[in-house]
Amino acid sequence: VPDYPLLPTRSRFWERLLRGVDISGTAAQLRTQLRVVWEATRGVADKPLGNVVAADVIYEQQKPSMLQRALLLPDLSSTIAALDDGTPDGQLRSRLCATIFLIQQLPTEGITASAVKADPDTLADLLVEDLTAGSAGLRHRIPALLDALVHDGKLMLVGGEYRLQTRESAEWQQAWNTAYQHIRNDDARLASDRSTSFKSAIAEALKGIKLQQGNSKTPRRYALHWGLDAPPPAGEEIPIWVRDAWNVSEKVVRNEAQAAGMESPVVFVFLPREQADALADALGTQAAADEVLASRAAQTTPESVAARQSMQTRSETARGTVNALVAEIMSSAL
């Protein structure tokens, strides 16, 4: 209560930050802390009870000294400021990047090492201001804004933690942008990758299924068939003919299944066209990330390691999105 409107967790966050940004220790002196708290408290003094000081307030206060000590590069400062376009989302984007920058300045080694991670939950905890309104709305907005910042090359995602782009990671981002645009405009490449994803998903779905026919329970094997042409006679095997709505309509597949009659051994499978743009984006994102990872030699500098980890995270995230979208299509298969 005596510290209100400064929450204890944010007070500790500021204390560690001040020690991290000024090795000489002058910024951590009592008069500096009092000035920081005084200016922050003035900002919420006239607001209703329940409003508290946001953790990112200290960014603007410390920005001149961080620029002077080259902890904050001018181009990065300009980028963070430019994200605030006057809209609520623009303001929040700028605040998110400023907070992520502050978290990156916390000590990471020794007895003063911080366990604070720049993930959506932590960022929401640090940025919520109106305790009476709660943080649900903020927690809902933040993940989407962070994803957009990653896509725009302002942030990178490394093992579930967001970081600001460095010059090295910006080069990786530019390489990814080039590869992504090339793949996204290559319909044949996307069709091939989409087909590969479908084949893997169906093979996984059929794994372990044993077919037995009639009262004699005669074992039968299935033969997967892809393409627009009908499968050839399979002898003792059960042909499974798989087609998707990207290449043929549901009406055509239904008519052919009805024309084949009840005596036909062919199992006709039709995959509907669902969330086609989202699937194409995820396939392009994964393929582009994999290309960049394969084309760039591994380096040992911290910036290069972080950039590679970020690209690996992007590939894994996109792969998870592809698998989820394909699973939805499979669940709607006819």
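Use the structure listed above.
Read on for a plain summary of the structure. Computed from a predicted structure; not experimentally measured.

## What to know about the sheet that holds strand β5 (residues 222-226)
At step 1: With parallel pairing, 3 strands are arranged side by side in an open sheet as β5-β6-β7. Both edges of this open sheet fall to β5 and β7 (267-271), since each of them pairs with a single strand only. Neighbour-to-neighbour, the strand axes of the sheet open up by a mean angle of 25°, direction not taken into account.
At step 2: With 5 bridges joining them, β5 and strand β6 (residues 238-244) adopt parallel strand pairing. Directly across from L224, in β6, lies its bridge partner I240.
At step 3: Packed on one face of the sheet, helix α10 (residues 250-260) meets β6 and β7 and runs near 170° to β7.

## So, the side chain of R243
At step 1: Within the fold, R243 resides in strand β6.
At step 2: Within the local environment of R243, its side chain forms a polar contact with the side chain of E256, the two groups lying 2.7 Å apart.
At step 3: Residues in contact with R243, not counting those within four places in the same chain, are G227, L228, V248, V253, E256, F268, V269, F270 and L271.

## Points about the packing of aromatic side chains
At step 1: With the rule as written, the count across this model stands at 4 aromatic pairs.
At step 2: Relative to W246, the ring of F198 lies with its centre 5.7 Å away and its plane at 50°, an arrangement referred to as tilted. Linking F198 in helix α9 (residues 187-206) with W246 in the loop between β6 and α10, this pair joins segments that are 48 residues apart in sequence.
At step 3: Of the residues examined, F198 reaches a relative accessible area of 0% and is grouped as buried.
At step 4: Here W246 falls in the buried class, since its relative accessible area comes to 17%.
At step 5: Relative to F268, the ring of W241 has its centre 5.7 Å away and its plane inclined at 45°; by these criteria the two rings are tilted. One end of the pair, W241, is in strand β6; the other, F268, is in strand β7, and 27 residues separate them in sequence.
At step 6: The class for W241 is buried, based on a relative accessible area of 5%.
At step 7: Over the aromatic face of W241 sits the side chain of R243, whose NZ or CZ is 3.5 Å from the ring centroid.
At step 8: Over the ring of W176 we find R314; its NZ or CZ atom is 4.2 Å from the centre of that ring.

## Concerning empty space enclosed by the protein
At step 1: Inspection of the entire model under this criterion finds 1 cavity of 30 Å³ or more.
At step 2: Roughly 60 Å³ of volume is contained in the largest cavity.
At step 3: Lining the largest cavity, in full, are M156, Q165, S169, W172, Q173, A307, S310, M311 and R314.
At step 4: Counting residues per element, the ones that place at least two in the lining of the largest cavity are α8 (167-184) and α12 (302-331).
At step 5: Looking at which element gives the most residues to the lining of the largest cavity, the answer is α12, with 4 residues.
At step 6: In terms of residue class, the lining of the largest cavity is built from 4 nonpolar, 4 polar and 1 charged.

What counts, and at which threshold
Residues numbered from 1 in each chain as written. Predicted model: local features only at pLDDT ≥ 70, side-chain atom pairs only at ≥ 80, totals over all residues. Heavy atoms only, no water. Pairing = 2+ DSSP bridges. Helix = DSSP H or I, 4+ residues; strand = E, 2+ residues; numbered from the N terminus. Axes fitted to C-alpha atoms, helices over the stretch in contact; angles between N-to-C directions. Contact = heavy atoms within 4.5 Å. Polar contact = N/O pair within 3.5 Å; in protein donor to acceptor, adjacent residues only side chain to side chain. Phe/Tyr/Trp six-rings, centres within 6.5 Å; stacked < 30°, edge-to-face > 60°. Buried < 20%, exposed > 50% of the residue type's maximum accessible area, 1.4 Å probe, protein only. Lys NZ or Arg CZ within 6 Å of the ring centre and 35° of its normal. 1 Å grid on protein atoms, 1.4 Å probe; cavity = no way out; pocket = protein on both sides within 12 Å on 5 of 7 lines; lining within 4 Å. Points joined across faces, edges and corners; volume = space filled by probe spheres on them. Nonpolar A, V, L, I, M, F, W, Y, C, P; charged D, E, K, R; others polar.

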